[in-house]
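One-letter residues, chain by chain:
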Protein chains: 2
Amino acid sequence: MTDQKIKNMEDFAAVSGISRPTISKYFNDPDSVRKSTRAKIETALEKYDYRPNIYAVNQNRRQTKNIGLVVPNLTDPFFAGFARTIEGLVVEAGYNPLLLSSHGGPEQELANLDSLRSIKPAGVLLAPLGRASLEERVAEFTNEVPTVLFDANLEGIGEAFFGSDNNQSIGLIVDYLCRSGEPPVFFEMKAPINPNAYKRRTAYLEAMERLGHEPHLIQVNGQGWNFEEIGFREGARVLTNQRLPSNTILCSNDRLAIGLLSAAFENGLKVGLEADSFLRIAGHDDHPFSRFTCPSLTTVSQDYEAIAAKSVETVLSLVDSRERLKKREEILFEGKLVMRGSA
Amino acid sequence: MTDQKIKNMEDFAAVSGISRPTISKYFNDPDSVRKSTRAKIETALEKYDYRPNIYAVNQNRRQTKNIGLVVPNLTDPFFAGFARTIEGLVVEAGYNPLLLSSHGGPEQELANLDSLRSIKPAGVLLAPLGRASLEERVAEFTNEVPTVLFDANLEGIGEAFFGSDNNQSIGLIVDYLCRSGEPPVFFEMKAPINPNAYKRRTAYLEAMERLGHEPHLIQVNGQGWNFEEIGFREGARVLTNQRLPSNTILCSNDRLAIGLLSAAFENGLKVGLEADSFLRIAGHDDHPFSRFTCPSLTTVSQDYEAIAAKSVETVLSLVDSRERLKKREEILFEGKLVMRGSA
DNA sequence: TTGAAAAATTTACGCGAGTAAAAAACATGA
DNA sequence: TCATGTTTTTTACTCGCGTAAATTTTTCAA
């Protein structure tokens, strides 16, 4: 490494003995130059520490290599894992992911889209919060920038949506619970933020009807994304005050279930499959922590790797083609039953 | 909102009736122009949708407004929360945070610093992994870019370090445990990744000595950042095979404790303060999930808000002054005992 | 050896702003 | 009203690179 200062492509072209336009071409695609030239450039690259100024590059390119990635809440390990997987795929494809978290707030979500706007992303992957009032503003954004939705759907918005088949997955676990014991009641928030929650509610009602059981919804109060807290607090109320029509509780998501399990423990109510258990509790999502609850949580895993892969693939193909999809695409991936100790 | 297209500052200057250099000045600091001019500009801003091209701006500014933020592992809610707090402070100060996660790998950490380099951040906040072999490369980076370390210290690297006083916090909980029952053994990984783990081990040994008790380290195998998994697996081995010299276990961090609690439950060992409990378990960090373990986890909370505030304040003052600190600063913040059910 | 195709070079312009210097316009208070 | 200092305008240059067109060089097969 020589320490002669290379401040721009001009300088680097000089020391490498190649013209600047060719150097530029090389950086846009190393395979687009003759092998012997590439070798010369790479030799120089080892000797001198140079990389193109990203601001100058992006100012002139038709399209940046930036891919925006917006998740509802990074504090939730489920989304953190999702984001990590997606980031990996994006990087692998030679693009530059930019991760933003909406922290559970619709205003923050819009702020995120706004700050993405300013970096002119080639495409965006958005897991929306899904607060009806702001869908319009999100739609505006997706008109400007090719956007693929994942995890939660906003009808008709974006080029495509990839997520879980709540119908199938809830059906799966309701089937299992009915088969192995008393039919479940459904534990959820009264006014959920996330569109999936509504889908799951409906799926539960349908599954119970299909199996000829009386459905029963337990809809608790609570705002925001502190699901464990809500599950704990409201779960304690329900468990101590209310006479439930079943000893089996299916929670709308694992985080509620984690809170509920904690409440059950606190109140000395044994949860599990054993004969002396008072309750069975199941969740949905296969949250990273659900293996470590007491007892470990029976749940449904989402195929988030497939969702991530398909989402990235789709947004990148949009970016490459510089076209929009003729028809909005929508694929729902199936969940898998994860049997553990709690139900 | 008129839809006449404003494509650059020139256009915007035209429609707002102000000269381009003055517009430029306005965007760099709205208060630097006369009130009447500012009013004119802001009126135009409401009418026409224009924002400066960030790439052109950053190409010409002496310094970008970007602040890099690198955390070891976003999948850990503790760091996700930390990051969120820091992001908020950075935005509030008018800077642009860029969040990257090292995913627990030193190579990824270097890759993160490398990709930060290309966006020419004005300053960086780094919570390092602390793998000795790569410290040198991190140090190189901190020579180029003003960097403040937080959470984990690398001796002599960066302009400053702000973190927890492990000595104080471990002392605090060892005191408490000894006062309220049997002196604790210390449960930790044999070869921890994180520098704090070493500090905590030492702090434990010192605290025990100070109180006149025989220390006892349980050092388990395990690689990487799956602390719950390691705590669970190795915890189960220890609890079933080993005769412990105490019924009280202090874990090096909450995530290990969460796994250990799960293992205890699985093996039918009652944890808690009750007379019929077999074990007491305590952790460190006040992890977001530690309220929902069974039983809830007694631990020490880090003053991460203070650490975040001080870190941001310091890096921004470095950025503003465009100077380096004469002397590396180092502040350790005290932890607080969080008494819950497990010990 | 030749000749066509492929690749590299030369030249030149554009992108959208920051910034500096000099000139002009404006604000303020006595 | 005038002098003074403050803002704004004008003009012009710079940043580092993408990109296009015309030209030259290289490559490789016939």
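This one's a predicted model, so the numbers in the text were calculated from it and none came from an experiment.

Draft legend 1. Molecular detail of the overall build of chain A. Across its full length, chain A holds 12 helices and 12 strands. For chain A, the spread of C-alpha atoms along the principal axes amounts to about 80 × 40 × 30 Å. Residues classed as buried in chain A amount to 48% of the 343 residues present. Residue pairs at least 24 apart in sequence account for 70% of intrachain contacts in chain A once pairs closer than 6 positions are excluded.

Draft legend 2. Inspection of the sheet that holds strand S11 (residues 329-333) of chain B at higher detail. All names here are of chain B. Reading across from one edge, S2-S1-S3-S4-S5-S11 is the order of the 6 strands in this open sheet, with parallel pairing throughout. On the outer flanks of this sheet lie strand S2 (96-101) and S11, each paired with one strand and no other. Neighbour to neighbour, the strand axes of the sheet diverge by 15° on average, direction disregarded. Bridge analysis of strand S1 (residues 66-71) against strand S3 (residues 123-126) gives 4 bridges, and the strand direction is parallel. By the bridge assignment, Val 70 is partnered in S3 with Leu 126. The strands touched by helix H12 (residues 304-321) are S1, S3, strand S4 (147-150), strand S5 (160-164) and S11; relative to S3, the strand with the most contacts, the crossing angle is about 155°.

Draft legend 3. How the structure looks around the protein's contact with DNA strand C. In the vicinity of DNA strand C lie 25 residues, with Thr22(A), Arg34(A), Asn8(B), Ser24(B) and Asn60(B) positioned nearest. Looking at the surface near DNA strand C, the elements with two or more residues in it are helix H2 (20-28) and helix H4 (54-60) of chain A together with helix H2 (20-28) and helix H4 (54-60) of chain B. Of the residues belonging to the surface near DNA strand C, the class tally is 9 nonpolar, 12 polar and 4 charged.

Draft legend 4. Spatial organisation of the relation of the copies chain B and chain A. Once chain B is rotated about the relating axis by 180° and shifted along it by 0.0 Å, it coincides with chain A to within an RMSD of 0.0 Å. Overall, the copies show the geometry of a two-fold rotation axis. Every residue of chain B has its C-alpha some distance from the rotation axis, and the shortest such distance is that of Tyr55(B), at 2.3 Å. Both copies share a contact surface, since 100% of the interface residues of chain B are interface residues in chain A too.

Draft legend 5. Spatial organisation of the protein's contact with DNA strand D. In the neighbourhood of DNA strand D, 25 residues make up the surrounding shell, with Asn8(A), Ser24(A), Asn60(A), Arg34(B) and Thr37(B) lying closest. Considered class by class, the residues forming the surface near DNA strand D number 9 nonpolar, 12 polar and 4 charged.

Draft legend 6. The arrangement of the interface of chain B and chain A in detail. Listed by partner, the interface residues are 29 residues for chain B and 29 residues for chain A. Of all the elements in the fold, those that place two or more residues in the side of chain B that touches chain A are H4, helix H5 (77-92), S2, helix H10 (227-241) and helix H11 (254-266) of chain B.

Draft legend 7. Highlighting unusual backbone geometry. Residues and elements named next belong to chain A. Residues Cys 294 and Pro 295 are joined by a peptide bond in cis, for which omega reads -5°. On the secondary structure map, Pro 295 appears in the loop between strand S9 (280-282) and strand S10 (299-301). With phi around 55°, Asp 286 is a residue other than glycine that occupies positive phi space. Tracing the backbone through its elements, the reader meets Asp 286 in the loop between S9 and S10.

Draft legend 8. Representation of the sheet that holds strand S2 (residues 96-101) of chain A within the structure. Residue and element names in this part refer to chain A. The strand order across the open sheet built from 6 strands is S2-S1-S3-S4-S5-S11, with neighbouring strands paired in parallel fashion. This sheet does not close on itself; its edge strands, each paired only once, are S2 and strand S11 (329-333). If you compare each strand with its neighbour and ignore which way they point, the axes differ by 15° on average. Judged from the 3 bridges that link them, strand S4 (residues 147-150) and strand S5 (residues 160-164) form a sheet pairing that is parallel. Within the sheet, the bridge partner assigned to Phe 150 lies in S5 and is Phe 162.

Draft legend 9. Focus on the nonpolar core. By size, the foremost hydrophobic cluster in this structure holds 86 residues, and its most contacted members are Leu69(A), Ala83(A), Leu125(A), Leu69(B), Ala83(B) and Leu125(B). If we skip the residues at most four places from it in the chain, Leu125(A) touches Ile67(A), Gly68(A), Leu69(A), Ile86(A), Val148(A), Phe150(A), Ser311(A) and Val315(A).

Draft legend 10. Structural detail: the domain arrangement of chain A. Domain annotation for chain A reports domain 1 (9-60), domain 2 (66-164 + 305-333) and domain 3 (166-301). The C-alpha-based centres of domain 1 of chain A and domain 2 of chain A are spaced at 33 Å.

Draft legend 11. Quick peek at the environment of Asp29(B). Inspection of the secondary structure assignment puts Asp29(B) in the loop between H2 and helix H3 (35-47). Taking the C-alpha atoms as reference points, Asp29(B) and Pro195(B), 166 residues apart in sequence, are found 42 Å from one another.

Draft legend 12. A look at the packing of helix H5 (residues 77-92) of chain A against helix H12 (residues 304-321) of chain A. Residues and elements named next belong to chain A. Packing of H5 against H12 brings their axes to within 9 Å, and their N-to-C directions diverge by 40°. Between H5 and H12, the angle falls in the class oblique. Seen along the crossing, H5 lies across H12 with a hand that is right-handed. Of the residues in H12, those touching H5 at Phe 82, Thr 85, Ile 86, Leu 89 and Val 90 are Tyr 304, Glu 305, Ala 308, Ala 309, Ser 311 and Val 312. The residue makeup of the contact of H5 with H12, split by class, is 8 nonpolar, 2 polar and 1 charged.

Draft legend 13. Structural detail: the environment of Asn143(A). Residue and element names in this part refer to chain A. If you trace the backbone, Asn 143 turns up in helix H7 (residues 135-144). Classification of Asn 143 as exposed rests on a count of 12 C-beta atoms within 10 Å. Measuring from C-alpha to C-alpha, the distance between Asn 143 and Leu 113 comes to 12 Å, with 30 residues separating the pair along the chain.

Draft legend 14. The arrangement of the packing of helix H1 (residues 9-16) of chain B against H2(B) in detail. Residues and elements named next belong to chain B. For the pair H1 and H2, interaxial distance at closest approach is 9 Å and the crossing angle is 105°. Comparing the axis directions of H1 and H2 gives the class roughly perpendicular. Residue-level contacts link Met 9, Glu 10, Phe 12, Ala 13 and Ser 16 of H1 to Arg 20, Ile 23 and Ser 24 of H2. When grouped by side-chain class, the residues that make up the contact of H1 with H2 number 4 nonpolar, 2 polar and 2 charged.

Draft legend 15. Main features of helix H6 (residues 106-118) of chain B. All names here are of chain B. The first and last C-alpha atoms of H6 sit 19 Å apart over 13 residues, in line with the 18 Å expected at 1.5 Å per residue. Check the buried side of H6 and you find it contacts S1, S2, S3 and helix H7 (135-144). Where H6 ends, the next residue or the one after it, Lys 120, has phi of about 45°, a positive value.

Draft legend 16. Summary view of the pairing of strand S6 (residues 185-189) of chain B. Residues and elements named next belong to chain B. Among the 5 residues in S6, 5 count as buried, and that is most of the element. The alternating pattern of S6 places Val 185, Phe 187 and Met 189 on one face and Phe 186 and Glu 188 on the opposite face, and all of these are buried. Pairing of S6 with strand S8 (residues 248-251), which is carried by 3 bridges, proceeds in the parallel orientation. What sits directly across from Phe 186, in S8, is Leu 250. Two elements, S6 and strand S7 (residues 217-220), share 4 bridges in a ladder whose sense is parallel. Paired with Glu 188 across the two strands is Gln 219, which belongs to S7.

Cut-offs used in this document
Residues numbered from 1 in each chain as written. Chains lettered and ligands numbered in written order. Predicted model: local features only at pLDDT ≥ 70, side-chain atom pairs only at ≥ 80, totals over all residues. Helix = DSSP H or I, 4+ residues; strand = E, 2+ residues; numbered from the N terminus. Buried ≥ 20, exposed ≤ 12 C-beta atoms within 10 Å, placed from the backbone. Contact = placed C-beta atoms within 7 Å. Pairing = 2+ DSSP bridges. Axes fitted to C-alpha atoms, helices over the stretch in contact; angles between N-to-C directions. Near = placed C-beta within 6 Å. Nonpolar A, V, L, I, M, F, W, Y, C, P; charged D, E, K, R; others polar. Least-squares fit on C-alpha atoms with pLDDT ≥ 70 in both. Core = buried A, V, L, I, M, F, W, Y, C linked by C-beta atoms within 7 Å. Domains from an automatic or database assignment. Parallel < 35°, antiparallel > 145°, perpendicular 65-115°, else oblique. Left-handed = near helix turned anticlockwise from the far one by under 90°. Expected span 1.5 Å × (residues − 1).

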